[in-house]
Amino acid sequence: MKNKRIWLATAVLLCGCYKNITNYYADGQDKGLAIFSNTGNNIFTCYVNGQPWRTVNRITGGFLTGSTSEIHIYKQTDSTAPDWMVIEWDGFLEAQPNDYNTIALYLKVPKGFTRNGIDSLQGQRIAIDSSKGFFYANISGYNTEA
């Protein structure tokens, strides 16, 4: 009996402990979008061809279930092309919640740009045009740059 309890406790610890830490607050004026706030409760939402799209939930997990994040930030480099900081959001169209997709923002950065340089962007307004950056959407049925 004691061995069964130990096995059950171990299984629960390794597999079952996870928590959804996403806070979604609907925008009262735009159906399907979340409000934008300065309280850290933001998730990325937008319309894709008139359909609401949102990021996946941020999950903290147990040992085997792992954690998931809705956002990934990395630098894309090439010896002949400019360097890009890529901010990529995992999400889904509201009508297709089990079909995960991505929307990414590519921002041109200097060759020596590092992760610490992200702080230098705080408070800046960045115009997204083809010379400074662009959005890329990889969504089922749509693959587009804007």
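Shown above is the structure to which this text applies.
Criteria and cut-off values
- Throughout, residues of each chain are indexed from 1 in the direction in which the sequence is written.
- Only residues with pLDDT of at least 70 are given local features in this predicted model, and only at 80 or more are side-chain atom pairs given and counted; all residues enter the totals for whole chains, interfaces and linings.
- Hydrogen atoms and water are omitted, and side-chain values are computed over all heavy atoms in the structure.
- Think of a nonpolar core as a cluster: buried Ala, Val, Leu, Ile, Met, Phe, Trp, Tyr and Cys residues, connected wherever their side-chain atoms sit within 4.5 Å.
- For the exposure calls, accessible area comes from a 1.4 Å probe over protein chains only, and a residue counts as buried if that area is under 20% of its type's maximum, exposed if over 50%, partly exposed in between.
- Numbering of helices and strands starts at the N terminus; helices are DSSP runs of H or I of at least 4 residues and strands are runs of E of at least 2.
- The aromatic pairing rule takes the rings of Phe, Tyr and Trp, using the six-membered ring of Trp, and pairs them if the centres are within 6.5 Å, calling planes under 30 degrees apart stacked, those over 60 edge-to-face and the rest tilted.

**Q** Lay out the nonpolar core with the relevant residues and their values.
**A** With 14 residues, the main nonpolar core has Val-48, Trp-53, Met-85, Ile-103 and Ile-139 as its most contacted residues. Sorting the residues of this core by element identifies β2 (45-48), β6 (83-93), β7 (101-109) and β8 (133-139) as the ones contributing at least two each.

**Q** Outline the packing of aromatic side chains, listing residues and values.
**A** How two aromatic rings sit relative to each other is given by the distance of their centres and the angle of their planes. Counted according to the given criterion, the structure contains six aromatic pairs. Relative to Tyr-106, the ring of Trp-84 lies with its centre 6.4 Å away and its plane at 75°, an arrangement referred to as edge-to-face. A residue pair is termed long-range when its members are at least 10 positions apart, and Trp-84 in strand β6 and Tyr-106 in strand β7 qualify at 22 residues. Residues Trp-84 and Tyr-106 agree in their burial class; the two are buried. Ring geometry for Tyr-106 and Phe-134: centres 4.7 Å apart, planes at 5°, overall stacked. Placement of the pair is Tyr-106 in strand β7 and Phe-134 in strand β8, with a sequence separation of 28 residues. Of the two residues, Tyr-106 and Phe-134, both sit in the buried class. Among the aromatic residues, those joined into a cluster by ring pairs are Phe-44, Trp-53 and Trp-89.

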